[in-house]
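Residues per chain, in single letters:
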Amino acid sequence: MYLSIVNKSKFGVVVLFFLLAIVLQCSNNSTADIQQKTEKLFQKQLKKNNIRNAFLSVYSPSRSINWNFAAGTFQTGEKVTADHPFLTASIGKTFTATAIAQLAEQGSLNFNDPVNMYLPDSIMHGLHVFNGLDYSAEITIAHLLQHTSGLPDYFEGKTIDGSANVMELLFSEPDKFWKPVETIEFAKQKMEPLFVPGNGYNYTDTEYVLLGLIVEKMSGTNLHNYFEEHFFKPLNMNHTSMHLQSEPLEKTPKLSEAFAGDFEVSTIKSLSADWAGGGLVSTGNDLIKFQHALFSGKIISAETLQAMQNWTPETRGMEYGFGLRKIAFRKLFPTLPELTIIGHSGSTGSFMFYCPELDVYLAGTLNQTEEVKESVVLMVKVLSFILNIS
């Protein structure tokens, strides 16, 4: 379910023309002025009928910016606050990739190792059979991290017999609790690989479930415990947890509601299908704590972070590394600011990005699958505002 903005919102020509319409003509402003403009821009999101609640956190240590916006209501009428967590969707891929990077630093594995060194035959057998040839043994950890393995996507990929994929089953079987191995078996039995490992790009959650299983195998603990011990506790991410798997470190308000159109999805058990590919619940502040730690060398070294930024083309203006996506605004459209953001996004309109040129961190969500591209537009506008602080 939690696919990239490329796959989920057909991020292409349509969005490029849309971005052209929002190019900003900004004069220099004070930080206070920009904060007010950002809040006004944020509140405008709630005027859309399909956006029921939204969150935006903006942080810059060098610019003394620490803004947190939250607005909207629950279906009960209760107001949403910045303390209410939200589904982070595919942002979870960055956490899983960083866990793999930590294990690489410890010498437990190497990015270029074949996956079959770490996963049992029950998973590897028939995992990647393409045009009658079995390439399962040729898949590396790097292929999984970068979406270049050729494996199909159990969430939104096409099934061999035209039956429902897991995305469709989420809604038809909302009470089903998926185990990780079930999703892998679904992909093996119901789908076919798209290309030989290393010979293409295809965004797929199947790869990240495999990575999650590798983290568990090499760490000796389950994935949500690994995240808690290596990320949540050290970084005081007290309101972050793995949805349907664990509880946050401290008492946390209830989960905000996310929607797919008019359908509220945050309460269905079938969301367990995503797991290592996007199963986290968090707040804007907690996501920024993680992102800041990642880019400041607190949880992995600068060398390892550089290795994670081994970019492969995704679509115009966008590249994918190891659990990280890079978006170059000027390549999206030539009149946009010459800025880049690095991080990840999710199909619920969630985002967690860092802009190195401005030293600005952004995190939040629109909690609406129909507004994924709008989350990118929001980031473009906010960073354009900050670019013009006098």
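Look a little higher up for the structure.
Notes on the structure follow. (Residues numbered from 1 in each chain as written. Predicted model: local features only at pLDDT ≥ 70, side-chain atom pairs only at ≥ 80, totals over all residues. Heavy atoms only, no water.)

1. Here we look at the overall build of the chain
For the record, the criterion: A helix here means a DSSP run of H or I that spans at least four residues, while a strand means a run of E at least two residues long, and both kinds are numbered starting from the N terminus. Each radius of gyration reported is based on C-alpha atoms, and the globular scaling rule is 2.2 Å times the count of residues to the power 0.38. Partly exposed describes any residue whose relative accessible area lies between the buried limit of under 20% and the exposed limit of over 50%, with all areas from a 1.4 Å probe on protein chains only and scaled to the type maximum. It only takes one pair of heavy atoms within 4.5 Å for two residues to be counted as in contact. For the area figures, the Shrake-Rupley method with a 1.4 Å probe applies, and any residue is considered shielded solely by the protein chains shown. Charge counting treats Lys and Arg as positive and Asp and Glu as negative, with His and both chain ends excluded. Just so you know, the charge point we use is NZ for Lys, CZ for Arg, CG for Asp and CD for Glu.
The number of helices and strands found in the chain is 14 helices and 15 strands. A globule of 390 residues ought to have a C-alpha radius of gyration of about 21 Å, and the chain, at 20 Å, matches this closely. When the backbone C-alpha atoms are referred to their principal axes, the chain occupies close to 60 × 45 × 40 Å. Residues classed as buried in the chain amount to 60% of the 390 residues present. Within the chain, counting contacts between residues at least 6 apart in sequence, those at least 24 apart form 71% of the total. Total accessible area on the chain stands at roughly 15,100 Å², and carbon and sulfur atoms take up 49% of it. Averaging the coordinates of the 30 positive side-chain charges in the chain and doing the same for the 39 negative ones gives two points 8 Å apart.

2. Notes on helix α9 (residues 205-219)
As a reminder, the rule being used: Expected span of a helix: the number of residues minus one, times 1.5 Å. Here a polar contact is recorded for every N or O atom pair within 3.5 Å, except that within protein the pair must consist of a potential hydrogen donor and a potential acceptor, and residues adjacent in sequence are included only if both atoms are side-chain atoms.
In this model, α9 (15 residues) spans 21 Å end to end at C-alpha, consistent with the 21 Å of a helix rising 1.5 Å per residue. In terms of residue burial, α9 counts as a mostly covered element, since 11 of its 15 residues are buried. Taken residue by residue, α9 has Asp205, Thr206, Glu207, Tyr208, Val209, Leu210, Leu211, Gly212, Leu213, Ile214 and Val215 as its buried positions. Packing partners of the buried residues in α9 comprise α4 (92-105), α5 (121-124), α6 (141-146), α8 (180-190), α10 (223-232) and β11 (318-320). The N-capping residue of α9, defined by a side-chain oxygen 3.0 Å from the backbone nitrogen of Thr206, is Thr204.

3. Side note on the nonpolar core
Put simply, the rule is: By convention a nonpolar core is built from buried Ala, Val, Leu, Ile, Met, Phe, Trp, Tyr and Cys residues, the set being connected through side-chain atoms within 4.5 Å.
In terms of nonpolar packing, the biggest core is built from 82 residues, with Phe95, Ile100, Leu145, Ile214, Phe227, Phe231 and Phe290 touching the most fellow members. In terms of nonpolar packing, the next biggest core, distinct from the first, is built from 35 residues, Ile51, Val58, Phe329 and Cys355 among them.

4. Some points on the pairing of strand β1 (residues 53-60)
Side-chain direction in a regular strand flips from residue to residue, so the side chains alternate between the two faces of the sheet. Defined as follows: A pair of strands is treated as paired once DSSP finds two or more bridges between them.
The element β1 is largely enclosed, with a buried count of seven among its eight residues. As paired strands, β1 and strand β2 (residues 65-72) are joined by eight bridges and run antiparallel to one another. Counterpart to Tyr59 in the pairing with β2 is Asn66. Inspection of the sheet shows β1 paired to strand β15 (residues 360-365) by five bridges, in the antiparallel sense. Directly across from Ser57, in β15, lies its bridge partner Ala363.

5. Structural notes on unusual backbone geometry
In this structure, Trp275 is a non-glycine residue whose phi angle is positive, near 50°. In this structure, Trp275 sits in the loop between β8 (263-264) and β9 (280-282). Although it is not a glycine, Asp359 sits at a positive phi angle of roughly 55°. Residue placement: Asp359 occurs in the loop between β14 (350-355) and β15.

6. Things to note about the sheet that holds β1
Convention followed: Fitted lines through C-alpha atoms serve as axes, helices being fitted only where they are in contact, and the angles separating the N-to-C directions of these axes extend from 0 to 180 degrees.
Reading across the sheet, the eight strands line up as β2-β1-β15-β14-β13-β12-β11-β10 and stay open at both edges, with antiparallel pairing between neighbours. Two strands lie at the open edges of the sheet, namely β2 and β10 (312-315), each paired on one side alone. Strand after strand, the sheet turns through a mean of 20° between neighbouring axes, direction not considered. In this sheet, β14 lies alongside strand β13 (residues 340-345) in antiparallel orientation, the contact comprising four bridges.

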